[in-house]
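# Breakdown of the fold
The lines below spell out each chain.
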Amino acid sequence: MNMLLVGLALVSCEGAAFSSEYRISGASQSVTDAQALLSRVTRLPTAFLDIMGSEGNHERITSHILTPEEREMVRQSLTALAPLQQRVMLQHLASISFADGMPNSALTYPAKGRPGFFNITIRAGVLHETVSQLLNHKENACFAHENPGSRVVIDAGRMPALTYILLHESTHVVDASIGLTLDTAKRRGLDKPIGEFGQGVWVDWKNPVPAYASAALQVGCYHHGGKDADISAAPVVYQALAGTPFPSLYATASEHEYIAELTAYSALSQRFHQPYTITVYLNDVPVYKLNPMKDALVRAQVSKTRIFYGTMGDSSMSSGKTW
Ligand SMILES: [Zn+2]
């Protein structure tokens, strides 16, 4: 299921921390479920090392054993998941693991020998980054630039990057388990995807409808066969993004990434009231600024994420069926 192979750029780290304002007070079930999910933290599965080995990265990747403080960070980030994400993760998550030396930020992939179950592996450095730090390193890796005054600056607040990562990756688990995308719905034999997130946005899992299939968005870092982009092209890229329902450039990569990004940014914006702006600087001059979550086309899609906070998925999960 290469749709679940998540490629995020390598980033460096600097202190992210949960403050009490980000905790979900009174959500007792959320806390209980988070504790149960925390018990799924393991060493790296062999399936992960097999994937990395096939990509030539096996040698330098090692299991990261969480310190007590890091373990508490993981627990808190798990409480930030939506009820549907927590329920499906409890049903379908085989393990969460952390890796030192991992080239990407996170990977969700099928658990070996356990059909319907998934592993999530996260680069250990993510534990000590903020959302903004993670996104800035990832996004700037998309554009060639030599002048440090020419860059993309994303302000997505100072919540732990781990929270964003878990919101995103757990959505992949939900998608693969209950069928949120055209692709996974078809695999599950559904007439249409649950939530109908892609309706009017995607023709199939990798092709948006013509209105949103701008060539400017085919940036190589997120699209196989896409073009390498220079920072001078960034204003055109983000202007093209502004006319779409995609909340981020990464959301253009596939319908799977679109739903994961939409769900993650909706939670950060709506529940945790985080800022989210993308500003392009050329020679230290801000030349274009985008606030995706205030875009009417994106906002129209955000309402679909309400299914993550209702009872969707309960009936099919209570059947005990594994997918
Ligand atoms: Zn993803």
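Residues numbered from 1 in each chain as written. Predicted model: local features only at pLDDT ≥ 70, side-chain atom pairs only at ≥ 80, totals over all residues.

In the annotation of an unreviewed UniProt entry, the protein chain is listed under the name Lipoprotein and assigned to Rhodanobacter geophilus.

### Describing the overall build of the protein chain
If you tally the helices and strands in the protein chain, you get eleven helices and eleven strands. Buried residues in the protein chain amount to 47% of all 323 residues. Pairs at least 24 apart in sequence give 73% of the contacts found in the protein chain among residues at least 6 apart. (Helix = DSSP H or I, 4+ residues; strand = E, 2+ residues; numbered from the N terminus. Buried ≥ 20, exposed ≤ 12 C-beta atoms within 10 Å, placed from the backbone. Contact = placed C-beta atoms within 7 Å.)

### Points about the packing of helix α4 (residues 83-92) against helix α6 (residues 161-178)
Two numbers describe a pair of packed helices, the interaxial angle and the distance between the axes. Where α4 meets α6, the closest approach of the two axes is 9 Å, and the angle between their N-to-C directions is 70°. Our classification of the angle between α4 and α6 gives roughly perpendicular. Note on packing geometry: the crossing formed by α4 with α6 is left-handed. On α6, the residues that touch L84, Q85, V88, M89 and H92 of α4 are S170, T171, V173, V174, S177 and I178. (Axes fitted to C-alpha atoms, helices over the stretch in contact; angles between N-to-C directions. Parallel < 35°, antiparallel > 145°, perpendicular 65-115°, else oblique. Left-handed = near helix turned anticlockwise from the far one by under 90°.)

### Let's talk about the pairing of strand β6 (residues 151-155)
When a strand is regular, its side chains alternate between the sheet's two faces. Only one face of β6 is covered, namely the one carrying V152 and I154; the face carrying R151, V153 and D155 has none of its residues buried. Note that β6 and strand β10 (residues 277-282) share five bridges and pair antiparallel. In the strand pairing of β10, V153 is matched with T279. (Pairing = 2+ DSSP bridges.)

### Regarding the sheet that holds strand β1 (residues 62-63)
Read from one edge to the other, the open sheet built from four strands follows the order β1-β2-β4-β3, with strand pairing classed as mixed. For this open sheet the edge positions go to β1 and β3 (106-110), each flanked by a neighbour on one side alone. Relative to strand β2 (residues 93-100), β1 runs antiparallel, the two being bridged by two bridges. Paired with S63 across the two strands is A99, which belongs to β2.

### Re the pairing of β3
For β3, the tally of buried residues reaches four of five residues, placing the bulk of the element in the interior. Bridge count between β3 and strand β4 (residues 118-123): five bridges; the pairing is antiparallel. Directly across from Y109, in β4, lies its bridge partner N119.

### Thoughts on the sheet that holds strand β11 (residues 285-290)
The strand order β6-β10-β11 describes an open sheet built from three strands, whose pairing is antiparallel. The open sheet has two edge strands with one neighbour each: β6 and β11. Put simply, the sheet's adjacent strands are angled 25° from each other on average, direction ignored. Against the sheet, helix α8 (residues 234-242) contacts β6, β10 and β11, and its axis sits at roughly 20° relative to β11.

### Things to note about the confidence of the model for the protein chain
Detailed reading of the predicted coordinates is not advisable wherever pLDDT is low. Mean pLDDT over the protein chain works out to 87, with 86% of the residues at or above the 70 mark. Taken element by element, the predicted model of the protein chain shows its lowest mean pLDDT in helix α11 (residues 314-318) (38) and its highest in β11 (98). Segment residues 1-26: pLDDT under 50, and 60 contacts once partners within four positions in sequence are set aside and those in other chains are kept. Note on residues 313-323: pLDDT under 50 across the span, and 13 contacts to partners over four residues away in sequence or across chains. (pLDDT = per-residue confidence, 0-100.)

### Points about the environment of Q91
Looking at where Q91 falls in the secondary structure, it is placed in helix α4. Residue classification places Q91 among the buried positions, given that 21 C-beta atoms sit within 10 Å. Along the sequence, Q91 and V173 sit 82 residues apart, while their C-alpha atoms lie 10.0 Å from each other.

### Describing the packing of helix α3 (residues 68-79) against α6
Axis separation between α3 and α6 bottoms out at 9 Å; the angle between their running directions is 50°. As far as their axial angle goes, α6 and α3 are oblique. Seen from above, α3 lies across α6 with right-handed handedness. Of the residues in α6, those in contact with M73, V74, S77 and L78 of α3 are L162, T163 and L166. When the residues that make up the contact of α3 with α6 are grouped by side-chain class, the tally is five nonpolar, two polar and no charged. (Nonpolar A, V, L, I, M, F, W, Y, C, P; charged D, E, K, R; others polar.)

### Topic: the environment of G198
In this structure, G198 sits in the loop between α7 (182-187) and β7 (202-204). With 18 residues separating them in the primary sequence, G198 and L180 have C-alpha atoms 8.3 Å apart. If we skip the residues at most four places from it in the chain, G198 touches T181, L182, P193 and E255.

### Topic: unusual backbone geometry
Despite not being glycine, H273 shows a phi value in the positive range, around 55°. Of note, H273 is situated in the loop between α9 (255-271) and β10. A count of 10 C-beta atoms within 10 Å places H273 in the exposed class. Even without a glycine there, the phi angle at N283 is positive, about 50°.

### Quick notes on the environment of R75
In this structure, R75 sits in helix α3. For R75, a count of 16 C-beta atoms within 10 Å corresponds to the partly exposed category. As for R75 and A36, which are separated by 39 residues in sequence, their C-alpha atoms are 9.4 Å apart. Sequence-distant contacts of R75, defined by excluding residues within four places in its chain, comprise A34, Q35 and L38.

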